[in-house]
Amino acid sequence: MKTYIKISLFFVVFIALAGILAALMMYNKKHPDMAKTKPDFIVTASVLQKAFEDDESAASKKYINKILEVTGKIASVKPSGNNVICISLVTGSDLSSVNCTFPAISDPSKFKPGDEIKLRGECSGLLMDVLLNNCAAIVNPK
Amino acid sequence: MKRLSVLFFLLTIAFAVNAQKYMTKNGYIGFFSHTPMEDIKGDNNQVAGILDISTGDMVFQALIKSFHFDRALMEEHFNENYMESDKFPKSSFKGKITNLSSVNFSKNGTYDVIVEGDLTIRDATNKVSTKGTIEVVTGGINANAKFNIVPEDYKINIPGVVREKINKNLEVTVTMKYAPLEKK
């Protein structure tokens with residue numbers, strides 16, 4: 001009997017600890033490392049902007065909340081907020097670009113207007129530009 | 001059509017006369033809540049805004065999904081539970097500088113202003129009045145303001161279980177760096 005109780009207690013404590021650990025891991029979960037995350041779609045900036053321009057509703061359903069890998073030419077690089085860089089990409093439209101925020105870039109000076117860039121980020125949707133959040137530049141794509 | 005209406009909303013005061021309109025697509029809005037239990041901070045660096053220096057009209061729009069939180073779970077809860085961003089994807093402000101005459105847009109400097117207008121979050125709109133500053137710099141205009149909002153005023157329902165983790169007032173910080181709106 002006593003052994004049975006001891007084993008049961010052990011399992012209850014083990015499950016409780018596992019539950020607490022899982023909750024802590026969820027609570028402290030970081031954003032996905034874009035360099036290691038497989039993108040849902042691979043597009044050029046022009047194709048992405050045109051998709052939203054032609055049919056915003058369909059493009060929203062397809063791309064919002066998805067991880068996009070986007071290639072394009074840098075139109076501008078602007079610092080904003082704390083350690084945040086906003087890079088906008090050239091598209092076929094004068095009014096609308098693809099606007100990407102990078103929460104942390106170690107060396108923002110390596111990104112210059114006119115350079116080609118490949119990046120991954122989460123699509124937030126369309127305002128005046130197509131907006132990508134939590135972006136990272138892909139140097140050695142996996 | 002929706003994109004046209006966004007552009008129309010933002011450009012209703014644009015293209016009227018000549019170089020009186022200033023614009024940004026990377027304005028900053030952040031909100032902050034401090035309690036002994038937890039600090040919560042959300043940052044949005046993709047706010048689109050237009051300032052008309054001839055009338056003092058100021059409008060901006062922000063995508064809720066563009067708010068970034070350090071903790072991924074917090075960002076999920078913010079979008080799915082509190083803001084329901086699939087249902088209410090945008091927040092907007094439409095207002096004006098009420099003491100426009102106290103700003104000299106031809107002279108670099110910092111000017112104290114009062115901004116009043118309608119702030120819409122989810123499907124609730126409330127009047128907001130706040131002090132702020134307009135900083136005239138070479139080639140642009142910077143606008144800054146800080147004010148508080150009460151989440152319940154915007155139908156943001158915070159469950160009783162976590163209510164103590166979020167301050168009754170959220171501190172909102174707005175930083176816009178405008179450049180002249182160029183006609184193409």
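The structure presented is a predicted model; accordingly, all values stated were derived computationally and were not measured.

Scoring rules and cut-offs
Residues numbered from 1 in each chain as written. Chains lettered and ligands numbered in written order. Predicted model: local features only at pLDDT ≥ 70, side-chain atom pairs only at ≥ 80, totals over all residues. Domains from an automatic or database assignment. Contact = placed C-beta atoms within 7 Å. Helix = DSSP H or I, 4+ residues; strand = E, 2+ residues; numbered from the N terminus. Nonpolar A, V, L, I, M, F, W, Y, C, P; charged D, E, K, R; others polar. Pairing = 2+ DSSP bridges. Axes fitted to C-alpha atoms, helices over the stretch in contact; angles between N-to-C directions. Core = buried A, V, L, I, M, F, W, Y, C linked by C-beta atoms within 7 Å. Buried ≥ 20, exposed ≤ 12 C-beta atoms within 10 Å, placed from the backbone.

Asker: How should I be thinking about the domain arrangement of chain A in this particular structure?
Answerer: Along its sequence, chain A is organised into domain 1 (1–30) and domain 2 (41–137). Here domain 1 of chain A and domain 2 of chain A have C-alpha centroids that lie 44 Å from each other.

Asker: Before we go on, may I ask you to explain the interface of chain A and chain B in this structure?
Answerer: Often, the extent of an interface is quoted as the loss of accessible area on bringing the components together. On the chain B side, the residues contacting the 27 residues of chain A number 22 residues. Within the residue set of the side of chain A that touches chain B, elements represented by two or more residues are helix 1 (2–27), helix 2 (45–54), strand 2 (67–80), strand 3 (84–89), strand 4 (98–102), strand 5 (116–126) and strand 6 (130–137) of chain A. Its residues placed into classes, the side of chain A that touches chain B shows 10 nonpolar, 10 polar and 7 charged.

Asker: Mind showing me how you'd approach the sheet that holds strand 7 (residues 140–149) of chain B here?
Answerer: Taken in spatial order, the 8 strands line up as 1-2-3-4-5-6-7-8 (chain B) and close into a barrel, and their pairing is antiparallel. Direction aside, the axes of adjacent strands within the sheet are offset by 25° on average.

Asker: Mind showing me how you'd approach the nonpolar core here?
Answerer: Within soluble globular proteins, side chains that are nonpolar generally end up buried alongside one another. Leu-48, Leu-68, Val-70, Val-98, Cys-100 and Leu-132 of chain A together with Leu-51 of chain B are the most contacted members of the largest nonpolar core, which totals 57 residues. With sequence-adjacent residues up to four places away left out, Leu-48 of chain A is seen in contact with Val-43, Leu-68, Val-70, Val-98 and Val-130 of chain A.

Asker: Whenever I open this one, the environment of Val-136 of chain B confuses me. Can you help?
Answerer: All names here are of chain B. Mapped onto the fold, Val-136 is located in strand 6 (residues 124–137). It is 16 Å that separates the C-alpha atoms of Val-136 and Asp-57, two residues lying 79 residues apart in sequence. When residues no more than four places from it in sequence are discounted, the contact partners of Val-136 are Phe-105, Lys-107, Asn-108, Gly-109 and Ile-141.

Asker: So what exactly am I meant to see when it comes to unusual backbone geometry here?
Answerer: With glycine set apart, most residues show a phi of negative sign, and most peptide bonds adopt trans. Positioned with a positive phi, Asn-65 of chain A is a non-glycine residue whose angle comes to about 75°. Within the secondary structure layout, Asn-65 of chain A lies in the loop between helix 3 (56–63) and strand 2. For Asn-65 of chain A, a count of 14 C-beta atoms within 10 Å corresponds to the partly exposed category. Phi at Lys-155 of chain B is positive, roughly 60°, even though this residue is not glycine. For Lys-155 of chain B, the location among the structural elements is in the loop between strand 7 and strand 8 (170–180). By C-beta crowding, Lys-155 of chain B is classed as exposed, having 12 other C-beta atoms within 10 Å.

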